[in-house]
Amino acid sequence: MRLRFSLIWVLWGAMVVRGAAQTVTGPQGEQFTRRVITEKLSDPWEVAYGPDNFLWVTEARGYRVSRINPSTGARQVVLDLSKNREFPRYDKVPDSLDGGKPWPQGGLMGLALHPQLLTGKPYVYLAYIYQFEGAKQPDKGSRPNHGGNYFTTRLVRYEYNAAQQQLTRPVILCDTIPGSNDHNAGRLLIAPVAGRDYLFYSVGDLGAGQFENGGRPNHAQNARFYEGKVLRFSLEPDTDEKPTDQWIPNDNPFNAGVQNAVWSLGHRNAQGLAYAVVGGTGRYMPPSTAPFPTMKST
């Protein structure tokens, strides 16, 4: 696990640090060579190493997905989602024109690659903010009395067309996931339960109780709401009658009368998701940002 974190740190540093190649010593004396792979990304959010030996990167504000050759730095934009965002780049609009409207925490966020990406299931899963409730409202677009900034997140499966080097044929898994300008989480993970792979997505508490979201209710402990949760979806649809139910496993723990994607609850802002086998037992670890962060597993 220590080596994995060291490798991630080096890959991240290679994309954002300018300068010639240099040697970096890891926490156990490991020697790494660090160099710039690519630059001028618009807030890289997810960096995934694919079975094709390329880096798959999402840009939170640029709303682009790229494949990057880690050896040469050659970059191919495989998807541009900027037209799917139903609000402008508030960070590039003067407050005098937009009333000081906020940018969501993140934007285009999580990415997960199907384990069989190169062997018959060329699926790429993405999560991005696409709506802002206050987009057409005056001033900041927030609800009154610090009631919060209400965004909405969409979770989508794409197919990777290797010949065209493009992501195509989007299928929406869920487009009602609540979002905010604070504590959006946004991490995707594919990991097994009882030998079967599922898609997990983390949702923060949306900043409920603090700053501009001070008057927003905190639903992290309420399984009827998706705020403050880790959600579980199937990698492929089942035969449920409603299309919105087809991606939710029928054995999710909080299904009661209606399909519910909630897998675990009570998370503040799990911007990391990891799975590891510890002592022969598979464990999920969604670390949350908090004054005293803890590691939880389900």
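All values reported here derive from a predicted model rather than from experimental measurement.

1. Describing the sheet that holds strand S6 (residues 75-80)
Spatial strand order, S3-S4-S5-S6: 4 strands in an open sheet with antiparallel pairing. The two strands at the open ends of the sheet, each matched to only one other strand, are strand S3 (44-49) and S6. Each neighbouring strand pair of the sheet contributes to a mean axis angle of 20 degrees, computed without reference to strand direction.

2. Some words on the pattern of salt bridges
If you walk through the whole model with that rule in mind, you get 12 salt bridges. Put simply, Glu236 and Lys121 hold a salt bridge, and the shortest N to O gap is 2.9 Å. On the criterion of sequence distance, the pair formed by Glu236 in the loop between strand S13 (229-234) and strand S14 (262-265) and Lys121 in the loop between strand S7 (108-113) and strand S8 (123-132) is long-range, its members being 115 residues apart.

3. A look at the packing of aromatic side chains
The tally for this structure, following the rule as stated, stands at 11 aromatic pairs. Geometrically, the ring pair formed by Phe87 and Tyr90 is stacked, given 6.0 Å between the ring centres and 15 degrees between the ring planes. Here Phe87 and Tyr90 have matching classes, each one buried. An angle of 75 degrees between the planes, with centres 6.0 Å apart, marks the rings of Tyr90 and Phe132 as edge-to-face. Here Phe132 lies in strand S8 and Tyr90 lies in the loop between S6 and helix H2 (95-98), a separation of 42 residues in the sequence. Each member of the pair, Tyr90 as well as Phe132, is classed as buried. A network of ring pairs unites the aromatic residues Tyr63, Phe87, Tyr90, Trp103, Tyr128, Phe132 and Phe151 as a single cluster. The side chain of Arg85 reaches across the aromatic face of Tyr63, ending 5.1 Å from its centre. A cation sits over an aromatic face here: Arg89 above Trp103, 5.6 Å from the ring centre.

4. A short note on the environment of Leu188
Its place among the elements puts Leu188 in strand S11 (residues 188-193). Remark: the alpha-carbon pair of Leu188 and Pro44, spanning 144 residues in sequence, is separated by 15 Å. Apart from the residues lying within four places of it in its own chain, the contact partners of Leu188 are Glu46, Gly110, Leu111, Ala112, Tyr125, Leu126, Ala127, Leu155, Leu199, Phe200, Tyr201 and Leu273.

5. As for the side chain of Asn69
With respect to the element layout, Asn69 can be found in the loop between strand S5 (64-68) and S6. One polar contact links the side chain of Asn69 to the main-chain amide nitrogen of Thr72, over a distance of 3.3 Å. Residues within four places of Asn69 in sequence aside, it is in contact with Ile37, Phe54 and Ala74.

6. Overview of the nonpolar core
Trp56, Leu167, Leu199 and Phe233 are the most contacted members of the largest nonpolar core, which totals 50 residues. Setting aside chain neighbours within four positions, we find Leu199 in contact with Ala112, Tyr125, Leu155, Leu173, Leu188, Leu189, Ile190, Leu231, Arg232, Phe233 and Leu235. Of all hydrophobic cores here, the second largest spans 8 residues; its members include Leu189, Ala191, Tyr198 and Val230.

7. What to know about the sheet that holds S13
In spatial order, the strands read S11-S12-S13-S14; together these 4 strands make up an open sheet with antiparallel pairing. In this open sheet, the two strands that pair with only one neighbour each are S11 and S14. Ignoring strand direction, the axes of neighbouring strands in this sheet form an average angle of 30 degrees. One ladder, built from 6 bridges, connects S11 with strand S12 (residues 196-203); its direction is antiparallel. The residue of S12 that forms the bridge with Pro192 is Asp197.

8. Section: the pairing of S8
Along S8, 9 of the 10 residues are buried, which leaves the element largely enclosed by surrounding structure. In terms of strand pairing, S7 meets S8 through 4 bridges, oriented antiparallel. Its bridge partner being in S8, Ala112 is matched across the sheet by Tyr125. Strand direction decides the pairing type here: S8 and strand S9 (residues 151-161), joined by 9 bridges, are antiparallel. Each bridged residue has a counterpart across the sheet, and for Gln131 the counterpart in S9 is Thr152.

What counts and how
- Residues numbered from 1 in each chain as written.
- Predicted model: local features only at pLDDT ≥ 70, side-chain atom pairs only at ≥ 80, totals over all residues.
- Heavy atoms only, no water.
- Pairing = 2+ DSSP bridges.
- Helix = DSSP H or I, 4+ residues; strand = E, 2+ residues; numbered from the N terminus.
- Axes fitted to C-alpha atoms, helices over the stretch in contact; angles between N-to-C directions.
- Salt bridge = Lys/Arg side-chain N within 4 Å of Asp/Glu carboxyl O.
- Phe/Tyr/Trp six-rings, centres within 6.5 Å; stacked < 30°, edge-to-face > 60°.
- Buried < 20%, exposed > 50% of the residue type's maximum accessible area, 1.4 Å probe, protein only.
- Lys NZ or Arg CZ within 6 Å of the ring centre and 35° of its normal.
- Contact = heavy atoms within 4.5 Å.
- Polar contact = N/O pair within 3.5 Å; in protein donor to acceptor, adjacent residues only side chain to side chain.
- Core = buried A, V, L, I, M, F, W, Y, C linked by side-chain atoms within 4.5 Å.

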